[in-house]
Amino acid sequence: MEEDYDVVIVGAGISGLSAARYLLAKDSNLNILLLEAADRVGGRTFTVPLKTETGTDSWDLGAHWVGRCQTHIMKLLEEFDIKTHPQYLTGRKFLQVGKDNSVKSYMSDIPTLSLLALLDLDRAMKRIESLAKEVDQNDPLSCKRGKEFDGMTMETYINQTMWMAESKEVMEVALRGVLGVELCEISFLYFLTYVSAAGGLKNLVEATPYMAQEYTVQGGCYQISLRMAEELGDSRIKLREPVTLITQSQDTAVVTTESGKTYKCKKVVLAIPPSQIAKINFNPRLPPVKRELHKRMPVANYAKVVITYKKTFWREDGSSGEVVTNGGPSTESDCTSGPLCLVFDDTSASGNPGLVAFIAGYQLVEWRQLNDASRKSSVLKCLAQFFGEQVHDYIDYAEKDWEAEPYVGGAPVCVAGPGAMKYYTVGLREPFNCIHFAGTETATIWTGYMSGAVQAGHRAAIEILLDLRPQTVSGQDLIDNNKPFKLPNT
Ligand SMILES: Cc1cc2nc3c(=O)[nH]c(=O)nc-3n(C[C@H](O)[C@H](O)[C@H](O)COP(=O)(O)OP(=O)(O)OC[C@H]3O[C@@H](n4cnc5c(N)ncnc54)[C@H](O)[C@@H]3O)c2cc1C
C-alpha cells in the first residue's frame, strides 16, 4: 500500500539527516521519511572500535577532521555537545618525492624542497588561490577563462605553469590526498570551484588552526550522524530500502524501493552522490543536462588505514607523525609504488596511540588487487621508511576501501572531469519538478566535506520550505545557507 508523506529524503548521510532536521525545526508537523539503502545511517561517516593496550577506543574509517573554518559542521557539533580534539602536529614531518624516493624531514610548515622548487610551488599556490577567488559557485563557467579551464585537466594546467618536477609531484600527491584523484582526471575549473567553496587552497590542505585538518572529533564523526538519527527517531528512517524509481506527476512524486514498496509525497530530496543518482530510474527521465553531469562526475578512489599501538614511539623520536609521500618504492610485485600518500598521528582524545594513513588515486587501484596479507604488509613497510621497524609491533589494524560500499562506491567525493562544468550549475543543484538535490557534492560552501553536506541539506530544505511553508523562511536562513534570494512561488 502506498504511504503518504510531505517529504521523502533519499539517503541518510549527514546531508539527508540535516535536511530532515532543518525541515522539522521549521515545522514539526511536516510528515518526513528518510529512505536509506544501507543497514546503517551515516554514509561516508563511519567509526569503529579498535583494540588498545587497556581495552578498546573509537577511530574513524570515514570522515576524519573538522576545522573552525567549517561553520556548518562546527555549529552541529556544538548543538550536540560533541567535543573536538586538536590534530597533533608537534615535531618533524616527512616528505618523500622524486625519482629516488628519498625521505626528507622538516620542522616548519615549509617542505624540504630545493629553493627553485619551493618558489615554483609557492607561485602555483598563489595563482590557484587568486584564480579560485574569481569563481562564482552558482556559475563557475562564467569566470574569466572558465571555458578554457574546464577544457583542461589539472595536469595540463600544472605542466603549462609549473617548471620543477619536484614541486609538480607535491601538487600531485596533495591532490591525491585531498580529492582521491590523479591530476589527469579532474577539470581544472572544477578544482578551482572546489578550492573556492573551501575559501582557499590553504584551508583545504593545511592542518594548522582554523584549517580543514584542525581537529578530530572525540569519539568519532559517526556520532554526528547517529545523534541526528536518534533525534529524528526510528519511525522516520527506514534502513535497507534502496530507492530504485521515482515517478513524478504535476505536484506529487512516488518513490519506489528495491523491495517494491512505494511512498507518495509532495517533495523528494536526493541526498546521495551524483554517481548514485545515475543508478536510479526516473519517470519522466531527469533532464539531459543532469544525466550528462551525473555521468561526468565519477566518485574518487580513497581508502583509510588506522593502526593502534602501545606507545606513540614516533613522538618519542621527535616526529609529529605527519608524512606526505608518493608512496616510495614498490614492495609488492603488482604495484608500481608503495601505497600511501598521507599519514598523520591519530592518537585518540583519551590518549590511545594510533596512526592514520590514506591510500588514494591510482595507488589504491593497485593496492586493491593485493590479498589481505600483502595489503597490510605493504602499508607497514611503507610506514617503516619514516618511523622505523616499530610500526610492525601494532595492537590493532583496520582498513576501509570505500569502493566496497555499494551505495557510496568510493570517496571522499565525486569529482568533475574535463568538459563537465558546462552542465554543472543546472545539472547539480537545480530542482526538477518535485525533486530537490542535496549531498555534499551540491554544496556551495565546503563541497566534499561534512560541513558541505550540512549546508547542502539546509539549502535543499529551504527550497522545499519556500514552496510548502514560505512563511517559515527568513532572510537570515537564506544568507546562512547561501541560497540566492528568490521570492516564494515566483
Ligand atoms: C575516508 C574518508 C575521509 C574523509 N575525510 C573527511 C574529513 O576529514 N572531513 C570532512 O568534513 N569530510 C571528510 N570526508 C567526506 C565526508 O564524509 C562527506 O563529505 C560526507 O559524509 C557526505 O555526506 P552526504 O550525506 O552528502 O553523503 P553520504 O555520506 O554518501 O550519504 C549518502 C547516503 O545515501 C545512501 N544512498 C545512496 N544511494 C541510495 C539509494 N538509491 N537509496 C537510498 N539510499 C541511498 C548511502 O548509503 C548513504 O548512506 C571523508 C570521507 C571519507 C570516506
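Residues numbered from 1 in each chain as written. Predicted model: local features only at pLDDT ≥ 70, side-chain atom pairs only at ≥ 80, totals over all residues. Heavy atoms only, no water.

Engineer: What should I look at first to understand the site of the ligand in this one?
Structural biologist: In the neighbourhood of the ligand, 35 residues make up the surrounding shell, with E36, R44, W65, T440 and M450 lying closest. A distance of 2.6 Å is found between an oxygen atom of the ligand and a side-chain nitrogen or oxygen belonging to E36. Here an oxygen atom of the ligand sits 3.4 Å away from a polar atom, N or O, in the main chain of Y449. Sorting the residues of the shell around the ligand by element identifies α1 (14–26), β15 (302–308) and α16 (450–468) as the ones contributing at least two each. Partitioning the shell around the ligand into residue classes produces 20 nonpolar, eleven polar and four charged. (Near = heavy atom within 4 Å. Polar contact = N/O pair within 3.5 Å; in protein donor to acceptor, adjacent residues only side chain to side chain. Helix = DSSP H or I, 4+ residues; strand = E, 2+ residues; numbered from the N terminus. Nonpolar A, V, L, I, M, F, W, Y, C, P; charged D, E, K, R; others polar.)

Engineer: Is there a simple way to think about the pattern of salt bridges in this case?
Structural biologist: Pairing is possible between side chains of opposite charge, provided their charged atoms come close. Overall, the coordinates contain 28 salt bridges when judged by the stated rule. A salt bridge links R296 to E292; its shortest N-O distance comes to 2.9 Å. Overall, the relative accessible area of 30% leaves R296 in the partly exposed class. Of the charged contacts in the structure, one is a salt bridge between E403 and R368, with a shortest N-O distance of 3.2 Å. In this pair, E403 is assigned in the loop between β19 (396–401) and α15 (424–428) and R368 in the loop between α13 (361–367) and α14 (372–387), connecting sequence segments 35 residues apart. Classification of R368 by relative accessible area gives partly exposed; the value is 23%. Through salt bridges with shared partners, a single network forms among R21, K75, E79 and E231. (Salt bridge = Lys/Arg side-chain N within 4 Å of Asp/Glu carboxyl O. Buried < 20%, exposed > 50% of the residue type's maximum accessible area, 1.4 Å probe, protein only.)

Engineer: Help me understand the confidence of the model for the chain, please; the structure alone is not making it clear to me.
Structural biologist: Interpreting fine coordinate detail is not advised for predicted regions of low pLDDT. For the chain, per-residue confidence averages 95 on the pLDDT scale, and 98% of positions sit at 70 or higher. The model gives residues 484–490 a pLDDT under 50, and that stretch makes seven contacts with residues more than four places away or in other chains. (pLDDT = per-residue confidence, 0-100. Contact = heavy atoms within 4.5 Å.)

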